[in-house]
Each structure stands twice: as structure tokens, then as C-alpha cells.
Amino acid sequence: MGRSILTPFLRRTWPTRARETPMEVLGPVQFGEMLTAWALHEWQGRLRPRLPDAAARLSPEDARFNAVRALLQNRRDVIAGMLAAGITDCASVRVTAGDIPLILVMGADPMTNYSKNKLAERDTDGSADYVRGLAASPAPVSGPFVALARSTAGPITVFDVMHRIAAWVAHINAGRQYSLEINLVLTQRASPVFELPKPS
């Protein structure tokens, strides 16, 4: 691969006239590495109850292969949305409380709004209770996290783990202060369907 467009900005921040404190770029991330981390997280978490007992006995290499295959099967529309947006680079960025106004969820809904609504929602599928449980926990919310943007100046749209970031916002609103490291996929244009406002 050629030289990353992020190289001149590593350990610094991207300049922007729109923000006084841009997101800190921690370093470049390969798209394949990002997908594999995402896949293994789902394999060991959300998908685990649906896996056969033999899955626990797989070698690390076979587990990675099967985890990525499961991700491509279960998240194919989301991954297609990323690819269709024209990926230009991927980076790890540090997101702090000051960045919360720049964070969106799918459908162009502000994360602040999504978090508030999810915490107040009557639970019908387990997701609202899950967010409330994370929000009430003393443990910090952990990743990996996946988001899309045109640049590291934001705004960014969360493509995976919206529930955990909603709980992180609740932690920040409760006075806790800690940052998140997010794998940010940079694209030429907005992702079809996922980054556009939902039809009213």
C-alpha cells in the first residue's frame, strides 16, 4: 500500500476552522484489521449464544476466519454501505466529551438524542435495558468502535456499538470523564442509506 494520507498528522490533530479542538489522530488503521477486530468482538459477544459448542475449540486462526465470515454474513449491508461511500483511509481517533455534539448514529440522529431516547425507552428487544445496565455500571464502556466520516474534523456517524456509545454519553452526563478510541473509516461521500436522514 502507498503512503497513508494520515502520515503527516500522526500524533497531532487535523486543522479545521470549524473546531477549536479537533479529534486527536492516534494512528492509521488497516480496514482489514478494523473488520477483524469488529468480527472477533461480535463472535465473542453478541453471536456467542448462537454458536455451536465446537466454536469454543477452534484455533485462533480458524476463529478469526469464522468470525470474519460471520460478520460479512450478518453485517453485509453495513459493510456494503462503507465500501459504496468510497473508502480513502482509516484511522484510530480519540473522542472526548467535547466531541459528543459531532457524533451521530445511523439516520443522521445526534448521539445525544439517541442516548436520551434509548435510556427512556420501554424495553421491547433487550436493547434499552442493555444500555441502562451499561450506564449504571461503574465499568468504563469499551470498544472496539466503528464510525464513518469525511474527515477527522467530524461529524462522525457510528456504524457499530451505538448502544455502548449511548451508555458512554450517559456516563459523561453523570459527571464521569474518560475518552474513547474509535476506528474511523474516512470516505469520499456519505454512505448510502445509513448516513442519510430517515424519511419522515
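Residues numbered from 1 in each chain as written. Predicted model: local features only at pLDDT ≥ 70, side-chain atom pairs only at ≥ 80, totals over all residues. Heavy atoms only, no water.

Caption draft 1: Inspection of the sheet that holds strand β6 (residues 156–160) at higher detail. Taking strand neighbours across the sheet as the criterion, the seven strands line up as β1-β2-β7-β5-β6-β3-β4 in an open arrangement whose pairing is mixed. Two strands in the sheet have a free side with no partner beyond their single neighbour: β1 (24–28) and β4 (109–110). Inspection of the sheet shows strand β5 (residues 146–149) paired to strand β7 (residues 180–187) by four bridges, in the parallel sense. When the bridges of β7 are listed, Ala 149 appears paired with Leu 186. (Pairing = 2+ DSSP bridges. Helix = DSSP H or I, 4+ residues; strand = E, 2+ residues; numbered from the N terminus.)

Caption draft 2: Focus on the packing of helix α4 (residues 111–120) against helix α6 (residues 162–173). Interhelical geometry of α4 versus α6 gives an angle of 90° and a closest axis separation of 9 Å. The angle between α4 and α6 places the two elements in the roughly perpendicular class. From α4, Met 111, Tyr 114, Ser 115, Lys 118 and Leu 119 reach across to α6, where they touch Met 162, His 163, Ile 165, Ala 166, Val 169 and Ala 170. In terms of residue class, the contact of α4 with α6 is made up of eight nonpolar, two polar and one charged. (Axes fitted to C-alpha atoms, helices over the stretch in contact; angles between N-to-C directions. Parallel < 35°, antiparallel > 145°, perpendicular 65-115°, else oblique. Contact = heavy atoms within 4.5 Å. Nonpolar A, V, L, I, M, F, W, Y, C, P; charged D, E, K, R; others polar.)

Caption draft 3: Region of the structure containing the confidence of the model for the chain. Per-residue confidence for the chain gives a mean pLDDT of 84, with 83% of residues at or over 70. The weakest mean pLDDT in the chain belongs to helix α2 (residues 60–74) at 86; the strongest belongs to β7 at 95. Across residues 1–21, confidence stays below pLDDT 50; counting only partners more than four residues off in sequence or on other chains, it has 38 contacts. (pLDDT = per-residue confidence, 0-100.)

Caption draft 4: Here's a closer look at the pattern of salt bridges. Applying the stated criterion across every chain, the model contains six salt bridges. Between Arg 150 and Glu 195 there is a salt bridge; the shortest N-O distance is 2.8 Å. On the criterion of sequence distance, the pair formed by Arg 150 in the loop between β5 and β6 and Glu 195 in the segment after β7 is long-range, its members being 45 residues apart. Via salt bridges that share partners, Glu 24, Arg 94 and Glu 181 belong to a single interconnected network. (Salt bridge = Lys/Arg side-chain N within 4 Å of Asp/Glu carboxyl O.)

Caption draft 5: Expanded view of the pairing of β5. Going residue by residue along β5, you find Val 146 and Leu 148 tucked away on one face and Ala 147 and Ala 149 tucked away on the opposite face as well. When β5 meets β6, the two strands line up antiparallel, connected through three bridges. Along β6, the bridge assignment pairs Val 146 with Asp 160. Between the antiparallel neighbours β5 and β6 lie six residues, among them Gly 154 with a positive phi of about 80°. (Buried < 20%, exposed > 50% of the residue type's maximum accessible area, 1.4 Å probe, protein only.)

Caption draft 6: Representation of α2 within the structure. A rise of 1.5 Å per residue sets the reference length of α2, with its 15 residues, at 21 Å; its end C-alpha atoms lie 21 Å apart and thus fit the reference within 8%. Three or more residues of α2 are buried, namely Ala 63, Asn 66, Ala 67, Ala 70 and Leu 71. The arc that holds every buried residue of α2, seen down its axis, measures 140°, which confines them to one face. On the buried face of α2, the contacting elements are α1 (31–44) and α3 (76–84). (Expected span 1.5 Å × (residues − 1). Arc of directions from axis to C-beta.)

Caption draft 7: Representation of the side chain of Ser 127. By the element assignment, Ser 127 lies in helix α5 (residues 127–136). For Ser 127, a relative accessible area of 8% gives the class buried. Among the polar contacts listed, one links the side chain of Ser 127 to the side chain of Asp 125, at a separation of 2.7 Å. Excluding residues within four positions of it along the chain, Ser 127 makes contact with Lys 118, Glu 121 and His 163. (Polar contact = N/O pair within 3.5 Å; in protein donor to acceptor, adjacent residues only side chain to side chain.)

Caption draft 8: Region of the structure containing α4. Within α4, burial applies to Met 111, Tyr 114, Ser 115 and Lys 118. End-on view of α4: buried residues confined to an arc of 100°, all on one side of the axis. Exposed residues on α4 whose side chains face more than 90 degrees from its buried face are Lys 116 and Ala 120. Each element contacted by the buried residues of α4 is listed here: β3 (103–105), β4, α5, β6 and α6.

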